[in-house]
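Examination of the molecular architecture
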Amino acid sequence: MKYASRLLILFIFAGILSCETGAVSVEFEEINAAQLATFKVKNASEKDIQNLVTEISYFGREKLLQKDTVSHTGKDAGQPFLKAGEETYFTRQAPELTVSAEARVLEQY
């Protein structure tokens, strides 16, 4: 019985954590003719995001071309990068021959 209750508590705790970390998402939008990749960031949480660290993967037709880790902060000191419930966009220079990209959140605080 103890094992089952501990297992249940573990699943509930994991579910709560996954909901909290999944509240901020980064989605690839497009790559334009100048090789600028655009990404949309949504903050579905109730907390402002001061800093966001993302990992971006750039893909060619048949392979991974490059991976970048990027830190995003507010424009001014003390300003959040993204307020609760809002969305924004950012662009990054993509390597030549990039046809698609993926991004994921590594850290948010």
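Notes on the structure in this doc start here. (Residues numbered from 1 in each chain as written. Predicted model: local features only at pLDDT ≥ 70, side-chain atom pairs only at ≥ 80, totals over all residues. Heavy atoms only, no water.)

For the rest of this paragraph, the subject is the nonpolar core. Val 26, Phe 39, Val 41, Leu 52, Ile 56, Tyr 58 and Phe 90 are the most contacted members of the largest nonpolar core, which has 16 residues in total. Those elements giving two or more residues to this core turn out to be β1 (24–31), β2 (36–43), β3 (51–59) and β6 (100–108). Other than its neighbours up to four places away in sequence, Val 41 contacts Val 24, Ser 25, Val 26, Leu 52, Phe 81, Leu 82, Glu 86, Glu 87, Thr 88 and Phe 90. (Core = buried A, V, L, I, M, F, W, Y, C linked by side-chain atoms within 4.5 Å. Buried < 20%, exposed > 50% of the residue type's maximum accessible area, 1.4 Å probe, protein only. Helix = DSSP H or I, 4+ residues; strand = E, 2+ residues; numbered from the N terminus. Contact = heavy atoms within 4.5 Å.)

Let's shift gears to the sheet that holds β1. The strand order β1-β2-β5 describes an open sheet built from three strands, whose pairing is antiparallel. Unpaired on one side and paired on the other, β1 and β5 (87–93) mark the two borders of the sheet. Sheet twist, expressed as the mean angle between neighbouring strand axes with direction ignored, is 25°. Note: β2 against β5, seven bridges, orientation antiparallel. The residue of β5 that forms the bridge with Thr 38 is Thr 91. (Pairing = 2+ DSSP bridges. Axes fitted to C-alpha atoms, helices over the stretch in contact; angles between N-to-C directions.)

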